[in-house]
Amino acid sequence: TRANEIIAQSAQLFRKKGFHATSIRDIGRAVGITSAALYYHFNNKEEILVAIIRQSAELLHREVASAMAIATNPWQQVQAALRAHLRACIKHQNFALVLIFEARHLPPTSRPKINEQRDAYKKLWMDLLQHAQREGYIAPNINLNLLRLLTFGALNQVITWYHPTGSYQLDQIADSLLTFISQG
């Protein structure tokens, strides 16, 4: 649909130029419509940012949950979740980078719904890590909330340096992080 095209082009522009440096005119030009026609789909640039963030969060949650559902034990679920998060971020780089770096520009009225999505994703991971810890895959003295935050930081930073023809493949990166989690 035209709205999805606007969202995708806006994500690319917000990634390249930043939210504030991107104008409605820039978005209209990228999509091939006038600024006035763009307002038919979205009331303002902030509404487009909200749509990008929501779509990105939904996609990430869905892909990680689907990958976890296939795994047979908690440790394999952690591995599947790490791999899926990383793959989703790389596959949808524009969306992931906007989610990571431009979400601070969300209007206050949109934050509760976005925070609800963020909290649901956080809960998915905390439940996973707690289960893995109860089953002995993660040492009992590990602070799981800090582990989750460090894991997200590491995974999300990969998008800034990863290249498909580089020295490391995505699963190799995720599996190395899994080794760091289990062995320090």
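Everything that follows concerns the structure shown earlier in this document.
Residues numbered from 1 in each chain as written. Predicted model: local features only at pLDDT ≥ 70, side-chain atom pairs only at ≥ 80, totals over all residues. Heavy atoms only, no water.

(A) Structural view of the overall build of the protein chain. Of regular secondary structure, the protein chain possesses 9 helices and 0 strands. When the helices and strands of the protein chain are placed in sequence order, the string is α-α-α-α-α-α-α-α-α. Structurally, the protein chain occupies a C-alpha span of about 60 × 40 × 25 Å along its principal axes. For the protein chain, the proportion of its 184 residues judged to be buried stands at 44%. Summarising the internal contacts of the protein chain: among those between residues at least 6 apart in sequence, 69% fall at separations of at least 24. Each charge class in the protein chain can be summarised by its mean position, and for the 20 positive and 13 negative side chains these summaries are 4 Å apart. (Helix = DSSP H or I, 4+ residues; strand = E, 2+ residues; numbered from the N terminus. Buried < 20%, exposed > 50% of the residue type's maximum accessible area, 1.4 Å probe, protein only. Contact = heavy atoms within 4.5 Å. Lys, Arg positive; Asp, Glu negative; His and termini not counted. Charge placed at Lys NZ, Arg CZ, Asp CG, Glu CD.)

(B) Molecular detail of the packing of aromatic side chains. Tallied over the full model, the rule gives 5 aromatic pairs. Measuring from ring centre to ring centre gives 5.9 Å for Trp75 and Tyr137, while their planes differ by 10°; the resulting arrangement is stacked. Of this pair, Trp75 sits in helix H5 (residues 74-91) while Tyr137 sits in the loop between helix H7 (111-134) and helix H8 (144-158), and the two are 62 residues apart along the sequence. The class for Trp75 is buried, based on a relative accessible area of 17%. For the ring pair Trp125 and Phe152, a centre distance of 5.5 Å and an interplane angle of 90° mean the geometry is edge-to-face. With Trp125 in helix H7 and Phe152 in helix H8, the pair connects residues that are 27 residues apart, well separated along the chain. (Phe/Tyr/Trp six-rings, centres within 6.5 Å; stacked < 30°, edge-to-face > 60°.)

(C) Examining the nonpolar core more closely. Val64, Val78, Leu82, Trp125 and Ile138 are the most contacted members of the largest nonpolar core, which has 36 residues in total. For this core, the secondary-structure elements that each account for two or more residues are helix H4 (45-70), H5, helix H6 (93-101), H7, H8 and helix H9 (170-183). Looking at this core element by element, the count peaks at 9 residues for H5. Aside from chain neighbours lying at most four places away, what touches Leu82 is Trp125, Thr151, Leu155, Ala174, Leu177, Leu178 and Ile181. (Core = buried A, V, L, I, M, F, W, Y, C linked by side-chain atoms within 4.5 Å.)

(D) Region of the structure containing the packing of helix H1 (residues 2-17) against H4. Between H1 and H4, the shortest axis-to-axis distance is 9 Å and the interhelical angle comes to 95°. Taken together, H1 and H4 sit at an angle that is classed as roughly perpendicular. Together, Asn4, Ile6, Ile7, Ser10, Ala11 and Phe14 of H1 and Lys45, Ile48, Leu49, Ala51, Ile52 and Gln55 of H4 make up the contact between the two elements. When its residues are assigned to classes, the contact of H1 with H4 shows 8 nonpolar, 3 polar and 1 charged. (Axes fitted to C-alpha atoms, helices over the stretch in contact; angles between N-to-C directions. Parallel < 35°, antiparallel > 145°, perpendicular 65-115°, else oblique. Nonpolar A, V, L, I, M, F, W, Y, C, P; charged D, E, K, R; others polar.)

(E) Quick peek at the environment of Lys91. Within the secondary structure, Lys91 is located in helix H5. The class for Lys91 is exposed, based on a relative accessible area of 64%. The spatial distance from the C-alpha of Lys91 to the C-alpha of Ile159 is 9.7 Å, given a sequence separation of 68 residues.

(F) How the structure looks around H9. Taking 1.5 Å of rise per residue, 14 residues should cover 20 Å, and H9 covers 20 Å from first to last C-alpha, within 8% of that figure. Along its buried surface, H9 packs onto H5 and H8. (Expected span 1.5 Å × (residues − 1).)

(G) Just the side chain of Asp26, in detail. Here Asp26 shows up in helix H2 (residues 24-31). Overall, the relative accessible area of 14% leaves Asp26 in the buried class. For Asp26, the side chain forms a polar contact with the side chain of Arg29, separated by 3.3 Å. Not counting residues up to four positions away in its chain, the partners in contact with Asp26 are Leu13, Lys17 and Ala21. (Polar contact = N/O pair within 3.5 Å; in protein donor to acceptor, adjacent residues only side chain to side chain.)

(H) Here's a closer look at the pattern of salt bridges. Across all of its chains, the model carries 9 salt bridges by this definition. Asp171 serves as the salt-bridge partner of Arg87, at 2.6 Å between the closest nitrogen and oxygen. Here Asp171 lies in helix H9 and Arg87 lies in helix H5, a separation of 84 residues in the sequence. In this structure Arg87 comes out as partly exposed when scored by relative accessible area, which is 40%. Its relative accessible area of 24% is what places Asp171 among the partly exposed residues. For Lys123, the salt bridge is made with Asp127, and the minimal N-O distance between the two is 2.6 Å. Of this pair, Lys123 and Asp127 both sit in helix H7, 4 residues apart, which is roughly one turn of the helix. With relative accessibility at 35%, the residue Asp127 sits in the partly exposed group. One salt-bridge network, in which partners are shared between bridges, spans Arg83, Arg87, Asp171 and Asp175. (Salt bridge = Lys/Arg side-chain N within 4 Å of Asp/Glu carboxyl O.)

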